[in-house]
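So you can see what is in the structure, the chains are spelled out below.
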Amino acid sequence: MSDTVNQHKYVLSEDQMPTAWYNILADLPVPPPPPLHPGRMDPVGPDDLMPLFPIDLIMQEVSTERYIDIPGGVLDVYRQWRPSPLFRAHRLEQALGTPARIYYKYEGVSPAGSHKPNTSVPQAYYNKKAGTTKLTTETGAGQWGTALAFACALYGLDCEVWQVGASYDTKPYRRLMIETFGATIHRSPSNVTDIGTILGADPKNHSGSLGIAISEAVEVAAKDPNTRYALGSVLNHVLLHQTIIGQEALLQLEMAGDTPTLIVGCTGGGSNFAGLSFPFIREKMAGKINPRILAAEPASCPSLTKGVYAYDFGDTAGMTPLMKMHTLGHDFIPDPIHAGGLRYHGMAPLISHLYELGIMDAESVPQTECFAAAMQFARTEGIVPAPEPTHAIALAIREALKAKETGEETVILTALCGHGHFDLAAYESFLNGTMVDEDFTEERLQAALATLPEVQLA
Ligand SMILES: *Cc1c(COP(=O)(O)O)cnc(C)c1O
């Protein structure tokens, strides 16, 4: 498998930006199990996905081509903030007194303030090309909704967003940014969809979840031939678009003359982690480097470390295809932790597959440790991280402190996938001492796993 792998095969534009995305499906030793139709229980085909996605994205979802060219119209937009900077965290290293070298790839420089526009822009681009007039989506903390609203504004598409109720109530500035970009936003569960009306009647659903918001957005897209749905994580084509992060980081580390021994990223649905790590996993599978690949997940929503590997729905209502993934059960409603972007019951099928193959590891972190790490990071590096990547920073700090004990050569690379300028209420609760670590109980997990769909494969 490794003989055809070549890190320099992708083309560079004159401003040193990669011009192709990397598709890890081309290099996997075993292909991941296929998604299944929720009614028929057989593998979904392109026709099943046509009501939801434009053809170019469906073809990318199933492609096994190693490199997929980024369209010129997308590169033009990427150039506004790409290549994104790779920083060495010298002052953090000093404060920790560690011999480890710590690098972070900063995606907070995008217009939305996170890595999400890396995929919202191509998704809007391909939809525009296919004649779509409106996109619907869900959003948690609001990063994805902001990114899609931005991309739709660029390409003249209408955009309708369902935001998880708990975040809608606590993060009004994200909502205002989404509206500024011209999109319409609803608190989920809403009464503008059938499924939102039904689920919203149960008080346990009042704070909402990504699974419920996805059901609402999918319902609206499925009903209108000119409206399609856009997902901000989990799917193969989303992870593909994010590989621009790792493609750039490979080049930037090469310029810095360094090689990572540890790559750590936070995982909600898995897209920023995949974006950073997949190009390095390619090099690892080719035997050129050997970093440990580590996912950082919240202790209260630990789909990799505590979930099961099973077919499950991507949403609460069971409208999406069944995906083989690490899941806590589509009925699992995580506690309302501050890292809203990590409150998802499942994990990308590709990440779940790599985890099963033993190509990567995962560890979970409680949120108070994350915010303590965020304080140290902000006070040394000057960037206030989004709550999600503080999980990766916390694990990076744990490892840097270990290196101090063992003296082992440690080079850490992490994705600082967004800034936290709209998440200061979370910082307030840490600073005033009211932040708590939510419980993750076995009872709640078992209750949610009891409703996993029964799948008999032909
Ligand atoms: C959406 C988001 C996440 C979680 O999604 P992934 O697909 O796991 O990357 C993490 N961090 C930030 C800043 C986000 O906006």
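Everything here concerns the structure above.
Overview of the structure. Note that the structure is predicted; figures quoted are calculated from it, not measured.

Thresholds, definitions, all that
Residues numbered from 1 in each chain as written. Predicted model: local features only at pLDDT ≥ 70, side-chain atom pairs only at ≥ 80, totals over all residues. Heavy atoms only, no water. Helix = DSSP H or I, 4+ residues; strand = E, 2+ residues; numbered from the N terminus. Rg over C-alpha atoms; globule rule 2.2 N^0.38 Å. Buried < 20%, exposed > 50% of the residue type's maximum accessible area, 1.4 Å probe, protein only. Contact = heavy atoms within 4.5 Å. Areas by Shrake-Rupley, 256 points an atom, 1.4 Å probe, with all protein chains shown as cover. Lys, Arg positive; Asp, Glu negative; His and termini not counted. Charge placed at Lys NZ, Arg CZ, Asp CG, Glu CD. Pairing = 2+ DSSP bridges. Axes fitted to C-alpha atoms, helices over the stretch in contact; angles between N-to-C directions. Expected span 1.5 Å × (residues − 1). Near = heavy atom within 4 Å. Polar contact = N/O pair within 3.5 Å; in protein donor to acceptor, adjacent residues only side chain to side chain. 1 Å grid on protein atoms, 1.4 Å probe; cavity = no way out; pocket = protein on both sides within 12 Å on 5 of 7 lines; lining within 4 Å. Sits in = over half its atoms within 2 Å of the grid points. Points joined across faces, edges and corners; volume = space filled by probe spheres on them. Nonpolar A, V, L, I, M, F, W, Y, C, P; charged D, E, K, R; others polar.

## Here we look at the overall build of the chain
Phase 1 of the analysis: The secondary structure content of the chain amounts to 18 helices and 14 strands.
Phase 2 of the analysis: In terms of overall dimensions, the chain is globule-like: its C-alpha atoms have a radius of gyration of 20 Å, near the 23 Å expected for 458 residues.
Phase 3 of the analysis: If you line up the chain on its principal axes, its C-alpha atoms span 60 × 50 × 45 Å.
Phase 4 of the analysis: The buried share of the chain, taken over its 458 residues, is 61%.
Phase 5 of the analysis: Long-range pairs, those at least 24 residues apart, make up 77% of the contacts in the chain between residues at least 6 apart in sequence.
Phase 6 of the analysis: A total accessible area of about 16600 Å² is found for the chain, and carbon and sulfur atoms account for 53% of it.
Phase 7 of the analysis: Here the chain holds 32 positive side-chain charges and 51 negative ones, and the gap between their average locations is 4 Å.

## Some points on the sheet that holds strand S8 (residues 227-229)
Hydrogen bonds between backbone groups are what pair the strands of a sheet, and the pairing can be parallel or antiparallel.
Phase 1 of the analysis: If you trace the 4 strands from one edge of the open sheet to the other, you get S7-S6-S5-S8, paired in parallel fashion. The open sheet has two edge strands, strand S7 (184-188) and S8, and neither has a second partner. Strand-to-strand twist in this sheet, taken as the mean axis angle between neighbours without regard to direction, amounts to 25°.
Phase 2 of the analysis: Sitting on the sheet, helix H6 (residues 143-155) is in contact with strand S5 (134-139) and strand S6 (158-164), with an inclination near 165° to S5.

## Brief notes about helix H16 (residues 390-406)
Phase 1 of the analysis: In a regular helix each residue adds 1.5 Å, so 17 residues correspond to 24 Å; H16 covers 24 Å between its end C-alpha atoms and thus fits that length.
Phase 2 of the analysis: Following H16 by one or two positions, glycine 407 adopts a phi angle in the positive range, close to 70°.

## Here we look at the site of the ligand
Phase 1 of the analysis: In the vicinity of the ligand, 17 residues are found, and the nearest of them are Lys116, Ser233, Gly268, Ser271 and Asn272.
Phase 2 of the analysis: Serine 271 is positioned with one of its side-chain polar atoms (N or O) 2.7 Å from an oxygen atom of the ligand.
Phase 3 of the analysis: Its atoms largely coinciding with the cavity grid, the ligand occupies the largest cavity.

## Considering empty space enclosed by the protein
Phase 1 of the analysis: Summed over the entire model, instances satisfying the criterion amount to 4 cavities of 30 Å³ or more.
Phase 2 of the analysis: Here the largest cavity defines a volume of roughly 400 Å³.
Phase 3 of the analysis: Lining the largest cavity are 32 residues, and of these Lys116, Leu210, Ser233, Gly269 and Gly341 lie nearest its centre.
Phase 4 of the analysis: For the lining of the largest cavity, the elements supplying multiple residues, two or more each, are S5, H6, helix H10 (210-223) and helix H13 (271-285).
Phase 5 of the analysis: Looking at the lining of the largest cavity residue by residue, the class counts come to 12 nonpolar, 17 polar and 3 charged.
Phase 6 of the analysis: Of the voids in this model, the second largest cavity is the one considered here, and its volume is about 50 Å³.
Phase 7 of the analysis: Lining the second largest cavity, in full, are Tyr22, Asn23, Ile24, Leu25, Gln60, Asn236, Leu239, Leu240, Phe278 and Leu350.
Phase 8 of the analysis: In terms of residue count, the dominant contributor to the lining of the second largest cavity is helix H11 (residues 236-242) (3 residues).
Phase 9 of the analysis: Class assignment of the residues belonging to the lining of the second largest cavity gives a composition of 7 nonpolar, 3 polar and no charged.

## Some words on the environment of alanine 151
Phase 1 of the analysis: Inspection of the secondary structure assignment puts alanine 151 in helix H6.
Phase 2 of the analysis: Its relative accessible area of 0% is what places alanine 151 among the buried residues.
Phase 3 of the analysis: In this structure the C-alpha to C-alpha distance between alanine 151 and alanine 124, which are 27 residues apart in sequence, comes to 6.0 Å.
Phase 4 of the analysis: Those residues in contact with alanine 151, other than ones at most four positions away along the chain, are Ser120, Val121 and Ala124.

## Observations concerning the layout of surface pockets
Phase 1 of the analysis: For the largest pocket, the calculated volume is near 650 Å³.
Phase 2 of the analysis: If you trace the largest pocket, you find 36 residues lining it, with Pro35, Val44, Glu61, Leu235 and Asn236 closest to the centre.
Phase 3 of the analysis: Looking at the lining of the largest pocket, the elements that each hand over two or more residues are helix H1 (46-49), helix H2 (55-62), H10, H11, strand S12 (322-327) and helix H14 (349-356).

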